[in-house]
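Descriptive analysis of the structure
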Amino acid sequence: MGIKVMVTGGSGQVGSELVRSLLNIGGIDDVYAPSSAEVDLTARESVLGAVTSMKPDWIFHVGAWTQVDSCEDNPKRAFAVNGLGSRFIVQGADIVGARVCYLSTDYVFDGASDRPYLEWDPVGPRTVYGASKLAGEKEMRTQDLIVRTSWVMGEYGHNMAKTLIRLAKAGGGCRFVDDQIGTPTVVSDLVKALVELFMDSHSGIFHVSNSGETSWFQVARFVFELLGEDPDRITPVSSSEMGGYKAPRPKYSVLDNFALRGSGINALLPWQESLSGLVLKLSAGS
Ligand SMILES: NC(=O)c1ccc[n+]([C@@H]2O[C@H](COP(=O)([O-])OP(=O)(O)OC[C@H]3O[C@@H](n4cnc5c(N)ncnc54)[C@H](OP(=O)(O)O)[C@@H]3O)[C@@H](O)[C@H]2O)c1
């Protein structure tokens, strides 16, 4: 009998590529990725019903309420989806004997560090979103895998790579913050690492991002240059000049992929290399 896999958030940016990748792996013969209409993470009966009827061996729990600013307005919903939903997934996993891989975020940290965050550094979320994702982490068991990532961009859904391509082609100027430092992560690289970690039976917390660190301003310049557009159309601004966000963005959220390297898994490519591949692919199709 082949491996059966359930994916939450299968319609999202990461989930869409994860499902496609899982379908191409030998030994996996069933991938079930219910939509939020079919299985609502906030409804215990719905989650337990789905898990116990499929009886998956693995659950990739990537579904979450990811609208960082909206989470500030509706903390109860954030904790219901991201915290309680994760508890229900683990309860289902306990019943059927499944392992869980939970996708988490750099927002669990306070953003005040001056060096990349290690997996064991103290957490201290400054947003409701970050606190609710941390609540989800706390529901995981010792046999489960928690992968924290940052600044995700892929082929599906909305993301900064698509916004930058649109702005580059539209002409005119734009502003990007130069005082938020982090690391872009391209979904195809992230998915590869998620699957490798899980197939090798790793558990515990891993940080998985592309290599290097940068600011959104530098990312924007990089994409404009790649598309043959003048990067000087972009003005650097501070987060306080930019304003307009309900949830504070971390000033520094670089994730040290220490556990990944120490477990014999290759570090992800430099962000420039992976992002250029994604941008060229997306812009060729747009
Ligand atoms: N995007 C980033 O920069 C980033 C960075 C770090 C970590 N992460 C984490 O990575 C994961 C995937 O992110 P993403 O960018 O792929 O997010 P996304 O595109 O916003 O997708 C979120 C997914 O979660 C599902 N979902 C939301 N509420 C649900 C509910 N109540 N019940 C069931 N499913 C629900 C959505 O389904 P519907 O479409 O049907 O609502 C969608 O499939 C998340 O756990 C996020 O916290 C993301």
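These figures come from a predicted structure and were not determined experimentally. (Residues numbered from 1 in each chain as written. Predicted model: local features only at pLDDT ≥ 70, side-chain atom pairs only at ≥ 80, totals over all residues. Heavy atoms only, no water.)

A few points about the overall build of the chain
- The helix and strand tally for the chain stands at 11 helices and 12 strands.
- The C-alpha radius of gyration computed for the chain amounts to 19 Å, which stays within 12% of the reference 19 Å derived for 286 residues, consistent with globular compactness.
- For the chain, the spread of C-alpha atoms along the principal axes amounts to about 55 × 40 × 40 Å.
- Expressed as a percentage of its 286 residues, the buried residues of the chain come to 52%.
- The long-range share in the chain, meaning contacts at least 24 apart out of those at least 6 apart in sequence, stands at 82%. (Helix = DSSP H or I, 4+ residues; strand = E, 2+ residues; numbered from the N terminus. Rg over C-alpha atoms; globule rule 2.2 N^0.38 Å. Buried < 20%, exposed > 50% of the residue type's maximum accessible area, 1.4 Å probe, protein only. Contact = heavy atoms within 4.5 Å.)

What about the pattern of salt bridges?
- Within this structure, the stated rule accounts for 14 salt bridges.
- We note a salt bridge from Asp69 to Arg249, for which the minimum N-O separation is 2.9 Å. Separated by 180 residues along the polypeptide, Asp69 in helix 3 (residues 68-73) and Arg249 in the loop between helix 9 (239-242) and helix 10 (258-262) bring together distant segments of the chain.
- Under the relative-accessibility criterion, Arg249 is labelled partly exposed at 22%.
- In this structure, Arg261 and Asp256 form a salt bridge, with 2.9 Å as the shortest nitrogen-oxygen distance. (Salt bridge = Lys/Arg side-chain N within 4 Å of Asp/Glu carboxyl O.)

Some points on the nonpolar core
- Val7, Leu22, Phe60, Val147 and Val208 are the most contacted members of the largest nonpolar core, which has 30 residues in total.
- Taken together, the elements giving at least two residues each to this core come down to strand 1 (3-8), helix 1 (13-23), strand 2 (28-32), strand 3 (58-61), strand 4 (99-105), strand 5 (145-149), helix 7 (187-199) and helix 10.
- For this core, the leading source of residues is helix 7, giving eight residues.
- Counting residues in each nonpolar core, the second largest holds 26 residues, with Phe88, Ala98, Tyr107 and Met140 among its members. (Core = buried A, V, L, I, M, F, W, Y, C linked by side-chain atoms within 4.5 Å.)

Some details on the site of the ligand
- In the vicinity of the ligand there are 22 residues, among which Ser11, Ser36, Thr66, Tyr129 and Lys133 approach most closely.
- At 3.3 Å, a backbone N or O of Gly9 approaches an oxygen atom of the ligand.
- Within the backbone of Leu41, one N or O atom sits 2.9 Å away from a nitrogen atom of the ligand.
- Out of a free accessible area of 900 Å², the ligand has 79% covered by protein chains.
- Structurally, the ligand is housed in the largest pocket.
- Put simply, the parts of the chain that give the shell around the ligand at least two residues each are helix 1, strand 4 and helix 5 (128-139).
- No other element matches strand 4, which puts three residues into the shell around the ligand.
- Among the residues forming the shell around the ligand, the class breakdown is 10 nonpolar, 10 polar and two charged. (Near = heavy atom within 4 Å. Polar contact = N/O pair within 3.5 Å; in protein donor to acceptor, adjacent residues only side chain to side chain. Areas by Shrake-Rupley, 256 points an atom, 1.4 Å probe, with all protein chains shown as cover. 1 Å grid on protein atoms, 1.4 Å probe; cavity = no way out; pocket = protein on both sides within 12 Å on 5 of 7 lines; lining within 4 Å. Sits in = over half its atoms within 2 Å of the grid points. Nonpolar A, V, L, I, M, F, W, Y, C, P; charged D, E, K, R; others polar.)

A closer look at the sheet that holds strand 1
- Strand order across the open sheet formed by six strands is 2-1-3-4-5-10, with parallel pairing between neighbours. The sheet terminates laterally at strand 2 and strand 10 (204-207), the two strands that pair on one side only. Each neighbouring strand pair of the sheet contributes to a mean axis angle of 20°, computed without reference to strand direction.
- In terms of strand pairing, strand 4 meets strand 5 through five bridges, oriented parallel. When the bridges of strand 5 are listed, Tyr102 appears paired with Ile146.
- In the packing of helix 2 (residues 44-54) onto the sheet, contacts are made with strand 1, strand 2 and strand 3, and the angle to strand 1 comes to roughly 165°. (Pairing = 2+ DSSP bridges. Axes fitted to C-alpha atoms, helices over the stretch in contact; angles between N-to-C directions.)

Considering helix 5
- Here helix 5 spans 17 Å end to end across 12 residues, near enough to the 16 Å set by a 1.5 Å rise per residue.
- Residues of helix 5 that are buried include every one of Val128, Tyr129, Gly130, Ser132, Lys133, Leu134, Gly136 and Glu137, and no others.
- Those residues of helix 5 hidden inside the fold are in contact with helix 3, helix 4 (75-96), strand 4 and strand 5. (Expected span 1.5 Å × (residues − 1).)

With respect to the side chain of Asp189
- With respect to the helices and strands, the residue Asp189 is situated in helix 7.
- Summary of buried charges: Asp189 has no salt-bridge partner, and the nearest side chain of opposite charge, Lys192, is 4.3 Å away.
- Engagement of the side chain of Asp189 in a polar contact is seen with the side chain of Asn210, the distance being 2.8 Å.
- Contacts of Asp189, omitting those with residues within four sequence positions, involve Asn210, Leu268, Leu269 and Ser274. (Lys, Arg positive; Asp, Glu negative; His and termini not counted.)

Function cannot be inferred from these measures alone, as they are strictly geometric.
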